[in-house]
Amino acid sequence: MIDLEVFIVERISLCQGGPEFSRIVYGWWRLAEWNMDTAAIQQQIEQCLELGVTTHDHADIYGDYTVESLYGKALGAAPHLRDKIELVSKCGIKLISKNRPDHKIKSYDTTYNHIVSSAEQSLKDLQTDYLDLLLIHRPDPLMNAEEVARAFISLREREKVKYFGVSNFAPWQFDLLQSFLDFPLATNQVEASVLHLNPFQDGTLDQCQQDEIAPMAWSSLAGGRLFFSDDPAAVRTRQVLQGIADRMHAAVDQVAIAWLLRHPSNILPIVGSRSIDRLRGACGALDLELDRDDWYAIWEASSGQEVP
Ligand SMILES: NC(=O)c1ccc[n+]([C@@H]2O[C@H](COP(=O)([O-])OP(=O)(O)OC[C@H]3O[C@@H](n4cnc5c(N)ncnc54)[C@H](OP(=O)(O)O)[C@@H]3O)[C@@H](O)[C@H]2O)c1
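The rules behind the values
All residue numbers here refer to positions counted from 1 along the written sequence of the relevant chain. Only residues with pLDDT of at least 70 are given local features in this predicted model, and only at 80 or more are side-chain atom pairs given and counted; all residues enter the totals for whole chains, interfaces and linings. Comment: elements are numbered from the N terminus, with helices defined as DSSP H or I runs of at least four residues and strands as E runs of at least two. Each residue receives a C-beta atom placed from its backbone. It is near a molecule or strand if this atom lies within 6 Å of it. Basically, the charged four are Asp, Glu, Lys and Arg, the nonpolar ten are Ala, Val, Leu, Ile, Met, Phe, Trp, Tyr, Cys and Pro, and anything else, Gly included, counts as polar. Put simply, a residue is buried when 20 or more other C-beta atoms lie within 10 Å of its own C-beta and exposed when 12 or fewer do; between those, it is partly exposed, and each C-beta is set from the backbone. By the convention adopted here, residues make contact when the C-beta atoms placed from their backbones lie within 7 Å. A strand pair is defined by DSSP finding two or more bridges across the two strands. Angles run from 0 to 180 degrees between N-to-C directions of axes, and those axes are lines fitted to C-alpha atoms, restricted for helices to the stretch in contact.

Caption draft 1: The arrangement of unusual backbone geometry in detail. Even without glycine at this site, Glu159 takes up a positive phi of about 60°. Along the chain, Glu159 turns up in the loop between helix H5 (145-157) and strand S9 (161-167).

Caption draft 2: Structural view of the site of the ligand. The full set close to the ligand counts 25 residues, and Gly27, Trp29, Gly224, Gly272 and Ser273 are the nearest of them. Here the residues of the shell around the ligand sort into eight nonpolar, 12 polar and five charged.

Caption draft 3: Region of the structure containing helix H3 (residues 67-77). Within the sequence span of H3, burial applies to Val67, Glu68, Leu70, Tyr71, Gly72, Ala74 and Leu75. Contact partners of the buried residues in H3: helix H1 (38-51), helix H2 (62-65), strand S5 (86-91) and helix H4 (112-126).

Caption draft 4: Broad picture of the sheet that holds strand S12 (residues 268-271). Spatially, eight strands are ordered S3-S4-S5-S8-S9-S10-S11-S12 in a closed barrel, and the strand pairing comes out parallel. Looking at each pair of strands side by side, their axes are set apart by 30° on average, direction ignored. Across three bridges, strand S4 (residues 55-57) lies against S5 in parallel orientation. Within S5, the position partnered with Thr55 by the bridge is Glu86. Lying on the sheet, H4 is in contact with S5, strand S8 (131-136) and S9; it crosses S5 at an angle near 140°.

Caption draft 5: Representation of the environment of Lys84 within the structure. Along the chain, the position of Lys84 falls in the loop between H3 and S5. For Lys84, a count of 11 C-beta atoms within 10 Å gives the class exposed. Through-space distance from the C-alpha of Lys84 to that of Arg247 is 37 Å; in sequence the pair is 163 residues apart. If we skip the residues at most four places from it in the chain, Lys84 touches Leu49 and Thr54.

Caption draft 6: Broad picture of the pairing of strand S10 (residues 188-191). Of the pairings in the sheet, the one linking S9 to S10 comprises two bridges and is parallel in character. Counterpart to Val166 in the pairing with S10 is Asn188. Pairing of S10 with strand S11 (residues 216-218), which is carried by three bridges, proceeds in the parallel orientation. Residue pairing across strands places Val190 opposite Ala217, the latter belonging to S11.

Structure below.
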């Protein structure tokens, strides 16, 4: 088995000429629930970096618009950490929130003004001069791709954001936005896990392979459902994962992450546990090579049927 004490996560380029990220990404969505003070957040960041987990995923809306400033306070107190980290943020969702009293309805907004002002607010909250990657959080039925492209170009020219991408986009929505840009969108961040098979079948990951962009997988451990859900698919999948884990002297979460890593589109799993030990464990997946039989056994358990 891999020695996780001395283990450093490998790095991967998201697209041609694109940013280099850690293959395992840390997700900060749940930070507001973790009751961590600034010193503890700083320590959490430092422990991620010791593992080589340098890419940190955020969004303006996380924690009802509070997570980026909680994290930013820690980063602001330790500015030497900034150039060791790749910061990802997202924009385009408007929540009803006491922190955004002008929002009247939960909606999407991909106008020039919203994208630019949201990115600038993220910079302020995160206490940084630049984002490494900015994503449009969800497809907006009213998206004017030319307008989104103008916002991206403006942020890029003013060196506020280095790279751009999307999240939860269908391949045709991705293509539409890409057609207005003369630089590549760096990623599509989508839900993917042993309990969420859609992107393997709906063209999302095929497009990533074709365009040579590495997708990022959110809720890579199914948001924890993998461990506690009584849903029949979760129970079946857990059982199969446990059998494989026992045989490989590994843990269930490692096999679940290894299942994502095995896909040829070069998925970057985003792990959202508050526990550094669990993050360290998940990183051990990089040392597990699943064979096709095991991969399909997990697929069959999750989908509840043999492949046709
Ligand atoms: N683009 C999007 O639309 C989108 C949407 C959702 C999330 N995201 C991103 O994806 C990141 C990851 O999402 P996620 O938090 O749902 O990821 P996840 O890693 O699938 O789930 C994390 C949850 O699983 C629990 N967990 C992990 N290992 C466990 C174990 N061995 N036993 C029991 N429970 C375990 C964690 O609890 P503990 O904390 O107690 O370990 C935590 O509650 C987010 O932080 C965010 O950055 C993006």
